[in-house]
Amino acid sequence: MTSYILRRLLQFVLTAAVASVVVFALMQILPGNAAQVALGTSATPEAVAALEEKYGLDRPIVVQYFDWIGHVLVGDFGTSYVTQAPIAPVIADSIQVTLIVVLASMVVALAVAVPLGTLAAVNHKNVVGSLISGASQIGVAIPNFLAGILLVMLFSLKFGWFPSSGWKAPSEGFGEFLIRLVLPVCALALVQAAILTRYVRSAVLDVMGEDFLRTARAKGQTKGRALVKHGLRNAAIPVVTVAGVQLATLLIGAVVIEQVFVIPGMGSELVRAVSNRDLITVQGIVLVLVVLVLALNTIIDLLYPVLDPRVRRAA
């Protein structure tokens, strides 16, 4: 088991290292001079050269990479070429907002998908199961941003129940924070819940045909008790796998939702940095997003032995 955990952690570190090289290389091959963009088109060649020297942009690419990644490892993402402000505090503030929205959305999605998916599987031959399957199919087809716009039109503009945009930190008032969190979380969660419902339904249907569940029924357990006690844990492996993938998708989807609801998260900062051609900030934000996705995949891998004794014995 220990060796399994160490292998997964080593795989995470190596993959993150490769990802950092790819992110840095992609930023370097983009057209344009970062110093020229920061100073504007009217800047003199001397001023551009001075800014390149100040930030080390005139050094070899390999030296620039190791200098950048060395500072990143100690939490220093550099200084923005455009705003002249440190990047790390911006990332630290925005990532908290994004993680709150994403994790809350996944909790809501699972809270909806697990019971509905199980209900659809148990009633797959009657009207209830068909209605749930049909509703989930419609939900899968709706993009996150469209769900957000529809929610704003209905619950903000028409009924006036929730604000249409803006963000309040919990320290500024927990009630106001929750009110402003509802619509963006629902916009992300409803689509993900539809996707997860279909996977839960499929996983539970597969488990319902297994011999161990029939044995439990033969020993006198009811269908529902046998499913809850023995079936759901076995169905959890594929569901956890898909939930990990969908959690990574939520991180990307949050980029759009943050624009719809004017939320100061990673997505908003990324769009702002791209529009300003602030490449060093874009580089830092993209790296953080990539590492978050890799960390989520590693956590999912580490959950397998906990959920399935067969994986634990193999590990």
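Keep in mind it's a predicted model, so treat the numbers as computed, not measured.

### Re the overall build of the protein
No. 1: Scanning the protein from terminus to terminus reveals 13 helices and zero strands.
No. 2: N-terminal to C-terminal, the α/β element order of the protein is α-α-α-α-α-α-α-α-α-α-α-α-α.
No. 3: Relative to its 315 residues, the protein shows a buried fraction of 38%.
No. 4: Taking the intrachain contacts of the protein between residues at least 6 apart in sequence as the baseline, contacts between residues at least 24 apart amount to 71%.
No. 5: In the structure as shown, the protein presents an accessible area of about 16600 Å², 68% of it carried by carbon and sulfur atoms.

### Remarks on helix α4 (residues 61-72)
No. 1: Look at α4: 16 Å from first C-alpha to last across 12 residues, which is about the 16 Å you get at 1.5 Å a residue.
No. 2: Every buried residue belonging to α4 is among Q64, Y65, W68, I69 and V72, and all of these are buried. Each buried residue of α4 lies within a common arc of 120° when the element is viewed along its axis, so the set occupies one face. Across from the buried face of α4, at angles greater than 90 degrees, the exposed residues are V62 and F66.

### Observations regarding the pattern of salt bridges
No. 1: Following the criterion strictly, the structure yields one salt bridge and no others.
No. 2: Its salt-bridge partner being R272, residue E269 comes within 2.9 Å of it at the nearest N-O pair. In this pair, E269 and R272 are both assigned in helix α11 (residues 266-275), three residues apart and thus about one turn of the helix distant.
No. 3: When its relative accessible area of 17% is taken as the criterion, E269 is described as buried.

### Quick look at the packing of helix α5 (residues 88-122) against helix α6 (residues 127-140)
No. 1: The contact between α5 and α6 brings their axes to 7 Å, and the two run at 135°. Comparing their axes, α6 and α5 come out oblique. The hand of the α5/α6 crossing is left-handed. Contacts between α5 and α6 involve L116, L119 and A120 on the former and, on the latter, V128, G129 and I132.
No. 2: Its residues assigned to classes, the contact of α5 with α6 comprises five nonpolar, one polar and no charged.

### Some thoughts on the nonpolar core
No. 1: Counting residues in each nonpolar core, the largest one holds 28 residues, and the members touching the most others are V102, W167, L181, L196, L247, L250 and F261.
No. 2: Secondary-structure elements contributing two or more residues to this core are α5, α7 (144-158), α8 (174-208) and α10 (223-260).
No. 3: Per-element tally for this core: the top contributor is α8, with nine residues.
No. 4: Judged by nonpolar contacts, the second largest core, of 20 residues, contains I69, I95, I280 and V282.

### Structural notes on the packing of α5 against α11
No. 1: Look at α5 against α11: their axes get within 7 Å of each other, and the N-to-C directions meet at 135°. Classified by the angle their axes make, α5 and α11 are oblique. Residues V90, I91, S94, I95 and T98 of α5 form the contact with α11, whose participating residues are M266, G267 and E269.
No. 2: When its residues are assigned to classes, the contact of α5 with α11 shows four nonpolar, three polar and one charged.

### Digging into the packing of aromatic side chains
No. 1: Under the defined criterion, the tally for this structure stands at four aromatic pairs.
No. 2: Between Y65 and F66, the aromatic rings sit 5.2 Å apart at their centres with planes inclined by 70°, giving edge-to-face as the arrangement.
No. 3: Taking the relative accessible area as the measure of exposure, F66 reaches 55% and is therefore exposed.
No. 4: Feature note: the residues F24, Y65, F66 and W68 constitute an aromatic cluster, connected by ring pairs.

### Focus on the confidence of the model for the protein
No. 1: Summarising the model, the protein shows a mean pLDDT of 76, and 79% of its residues fall at 70 or more.
No. 2: Summarising per-element confidence for the protein, the mean pLDDT is lowest in helix α13 (residues 309-314) (58) and highest in α5 (84).

### Some points on the side chain of S268
No. 1: Mapped onto the elements, S268 comes out in helix α11.
No. 2: Here the side chain of S268 touches I263 through a polar contact of 2.5 Å, landing on its backbone oxygen.
No. 3: Look past the residues within four positions of S268 in its chain and what remains in contact with it is E258, Q259 and I263.

### A short note on a nonpolar patch on the surface
No. 1: Judged by side-chain polarity, F145, L146, I149, L150, M153, L157 and V256 come together as a nonpolar surface patch covering roughly 630 Å² of accessible area.
No. 2: Along the chain, the position of L146 falls in helix α7.

### So, helix α1 (residues 2-29)
No. 1: End to end, α1 covers 41 Å across 28 residues, agreeing with the expected 40 Å (1.5 Å per residue, within 8%).
No. 2: Among the residues of α1, Y4, A16, A19, S20, V23, F24 and M27 are the ones counted as buried.

Criteria and cut-off values
- Residues numbered from 1 in each chain as written.
- Predicted model: local features only at pLDDT ≥ 70, side-chain atom pairs only at ≥ 80, totals over all residues.
- Heavy atoms only, no water.
- Helix = DSSP H or I, 4+ residues; strand = E, 2+ residues; numbered from the N terminus.
- Buried < 20%, exposed > 50% of the residue type's maximum accessible area, 1.4 Å probe, protein only.
- Contact = heavy atoms within 4.5 Å.
- Areas by Shrake-Rupley, 256 points an atom, 1.4 Å probe, with all protein chains shown as cover.
- Expected span 1.5 Å × (residues − 1).
- Arc of directions from axis to C-beta.
- Salt bridge = Lys/Arg side-chain N within 4 Å of Asp/Glu carboxyl O.
- Axes fitted to C-alpha atoms, helices over the stretch in contact; angles between N-to-C directions.
- Parallel < 35°, antiparallel > 145°, perpendicular 65-115°, else oblique.
- Left-handed = near helix turned anticlockwise from the far one by under 90°.
- Nonpolar A, V, L, I, M, F, W, Y, C, P; charged D, E, K, R; others polar.
- Core = buried A, V, L, I, M, F, W, Y, C linked by side-chain atoms within 4.5 Å.
- Phe/Tyr/Trp six-rings, centres within 6.5 Å; stacked < 30°, edge-to-face > 60°.
- pLDDT = per-residue confidence, 0-100.
- Polar contact = N/O pair within 3.5 Å; in protein donor to acceptor, adjacent residues only side chain to side chain.
- Patch = residues over 30% accessible without salt bridge, like charges linked within 9 Å, V, L, I, M, F, W, Y side chains within 5 Å.

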